[in-house]
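Spelled out from the first residue to the last, the chains are:
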Amino acid sequence: MIWDALTLQLGYNATLVTLGATLLGMAAGVGGTFLFLRKRALVSDAISHATLPGVAIAFMVMVAFGDDGRNLIGLLLGAAASAAAGLLLVSWLSNRTRLAEDAAIGSVLSVFFGLGIVLLTVIQNMSAGRQAGLEDFLLGSTAGMLRNDALIIAVAAALTLALVLLLRRPLTLASFDPEYGTAIGQNVPRTDLAMMGLVLAVTVVGLKIVGLILIVALLIIPPVTARFWSERTDHVVLISGALGGIAAYVGAALSAAQPNLPTGPIIVLVGFALFALSLLLAPGRGALSALLRHRRYQRRVHLRQGLLALAHGQPIYEQLTLRLLRAEGYALPDGVATKAGRGRAAKALRDETRWQLIRRDPAYEAAAQQYDGLTPIETVLTADQIREIDSRIDMRGGVMA
């Protein structure tokens, strides 16, 4: 059953829902990248929570006009209007009052969400509201989704993704250097507004699949995960979109295979699994990579200290240092230097003497700043500079093996 869902063999409707969720995940990953880079991740939380009263009000209005209230386009339009009002209120509170942005966000999301819960309670007491299924907008659900609903979500997600990709250059500039963007004529406030609009669109489109409580996770987890794999913005955007698409695809497929499982939490858990794997295994910034770099650095420090000890004829008591020297062929089991070890130790002592002279000479101030005891001096100074340093050491009677 699960394999059938992952290979899109559960029927046309389930396939359409899964593909729509994938497009949504890609749009959320790409759009959330700029939100993450702009350090405005919490804004998405305010937008998502502000959609609930709009959904409830849209349902009540449609029922009042004789409809059953379940029209997805109407519900999404209500969510969009409510979320836009919440976003404008956050902006007004941040710019016109003494409230910090995080305080404004917390105030708006709590008030709007509380109002939405009250309205849902009212709807449940209505004759038309008992089977409304509006609770699906809290955690997301694809079970029982009609083909038209799935098609609306898929098309809207595709359009949102296209808009995000179209605006990626001004969004990148506004995220990293808004002052420079203003200097070259870019309207940064308008770009910020466009970014918020795209986030709002992703949030509204994702309500039915992921739910308003967890859509913020789909906006933030993929960019944070992608950051482990690259330092370049364009690569982070692409990786984030791919990760968001994978998380949404797998989560929606699993939910389709097991209809009792809510879609939103499954998608978020898959996204978190990808985050955990990246946290551990990413080659540049992962925990395992950091551990290996630390181990390599530790070995280099022990090896250097061991060579200096050999050069001064000092006994070596640290077992790791002795083991490393033996592994490199620089010392015998009893700690006595080999011929290769004596030559390498003399080189280490000579370099240390060179560095000491460089660090006292103002003419070599820039080079001295690179001293860490491990950087080879040949990578910092030219051969002529090293010869000049050696001649000064000879004149002062320095140690030169």
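Residues numbered from 1 in each chain as written. Predicted model: local features only at pLDDT ≥ 70, side-chain atom pairs only at ≥ 80, totals over all residues. Heavy atoms only, no water.

Undergrad: Any chance you could break down the overall build of the protein for me, citing the residues and the numbers?
TA: When you go through the protein residue by residue, the secondary structure sums to 18 helices and zero strands. Taken over the C-alpha trace, the protein has a radius of gyration of 31 Å; the compact-globule value for 401 residues is 21 Å, which it surpasses by more than 25%. Referenced to the eigenvectors of the C-alpha coordinate spread, the extents of the protein come out at roughly 100 × 55 × 35 Å. Within the span of the protein, comprising 401 residues, buried residues form 47% of the whole. At a minimum sequence separation of 6, the contacts of the protein that also span at least 24 residues come to 68%. Entry remark: accessible area of the protein is about 20,400 Å², with carbon and sulfur atoms responsible for 62%. With 34 positive and 27 negative side-chain charges, the protein shows a spacing of 4 Å between the two charge centroids. (Helix = DSSP H or I, 4+ residues; strand = E, 2+ residues; numbered from the N terminus. Rg over C-alpha atoms; globule rule 2.2 N^0.38 Å. Buried < 20%, exposed > 50% of the residue type's maximum accessible area, 1.4 Å probe, protein only. Contact = heavy atoms within 4.5 Å. Areas by Shrake-Rupley, 256 points an atom, 1.4 Å probe, with all protein chains shown as cover. Lys, Arg positive; Asp, Glu negative; His and termini not counted. Charge placed at Lys NZ, Arg CZ, Asp CG, Glu CD.)

Undergrad: Give a description of the side chain of T191 that names residues and reports values.
TA: Along the chain, the position of T191 falls in helix 10 (residues 188–205). Aside from chain neighbours lying at most four places away, what touches T191 is P170, L171, A174 and Q186.

Undergrad: Pulling in residues and values, what's your account of the UniProt feature "transmembrane region" (unreviewed entry) in the protein?
TA: As recorded in UniProt, the sites labelled "transmembrane region" (unreviewed entry) are residues 12–34, 46–65, 72–92, 104–123, 150–167, 198–224, 236–254 and 266–292. In residues 12–34, the share of helix is 100% and the share of strand is 0%. The end C-alpha atoms are 34 Å apart. For residues 72–92, the helix share is 100%, the strand share is 0%, and the end-to-end C-alpha distance is 30 Å. (UniProt positions renumbered as here; feature names shortened; annotations may be inferred.)

Undergrad: Residues and numbers for the side chain of T233, please.
TA: Here T233 shows up in helix 12 (residues 233–257). Its relative accessible area of 19% is what places T233 among the buried residues. The contact partners of T233, leaving out residues within four places of it in the chain, are L37, T172 and F176.

Undergrad: Kindly report on the packing of helix 3 (residues 41–64) against helix 5 (residues 101–124), identifying the contributing residues and their values.
TA: Close contact between helix 3 and helix 5 brings their axes to 8 Å; oriented N to C, the two are set at 25°. Between helix 3 and helix 5, the angle falls in the class roughly parallel. Here the hand of the crossing between helix 3 and helix 5 comes out left-handed. Looking at side-chain class alone, the contact of helix 3 with helix 5 contains 20 nonpolar, two polar and three charged residues. (Axes fitted to C-alpha atoms, helices over the stretch in contact; angles between N-to-C directions. Parallel < 35°, antiparallel > 145°, perpendicular 65-115°, else oblique. Left-handed = near helix turned anticlockwise from the far one by under 90°. Nonpolar A, V, L, I, M, F, W, Y, C, P; charged D, E, K, R; others polar.)

Undergrad: Any details on the pattern of salt bridges? Residues and values, ideally.
TA: Under the counting rule described, the total for this entry stands at 13 salt bridges. Its salt-bridge partner being D390, residue R354 comes within 2.8 Å of it at the nearest N-O pair. Taken together, the residues R354 in helix 16 (residues 339–360) and D390 in helix 18 (residues 383–395) connect sequence positions 36 residues apart. Of the residues examined, D390 reaches a relative accessible area of 14% and is grouped as buried. A salt bridge links D361 to R392, with the shortest nitrogen-to-oxygen separation between them at 2.9 Å. Pair noted here: D361 is in the loop between helix 16 and helix 17 (365–368) and R392 is in helix 18, with a separation of 31 residues, a long-range link. Here D361 and R392 have matching classes, each one buried. What emerges from the salt-bridge pattern is a single network uniting K347, D351, R354, E378 and D390. (Salt bridge = Lys/Arg side-chain N within 4 Å of Asp/Glu carboxyl O.)

Undergrad: Quick one: what's the story with the nonpolar core, residue by residue and with numbers?
TA: The biggest cluster of nonpolar side chains holds 70 residues, and the ones touching the most others in it are L24, L75, L134 and V210. Sorting elements by how many residues they give to this core places helix 3 first, with 11 residues. The residues contacting L24, other than those within four sequence positions of it, are A157, V202, V205, G206, I209, V210 and L218. Among the nonpolar cores identified, the runner-up in size contains 16 residues, and L307, A309, I316 and L324 belong to it. (Core = buried A, V, L, I, M, F, W, Y, C linked by side-chain atoms within 4.5 Å.)

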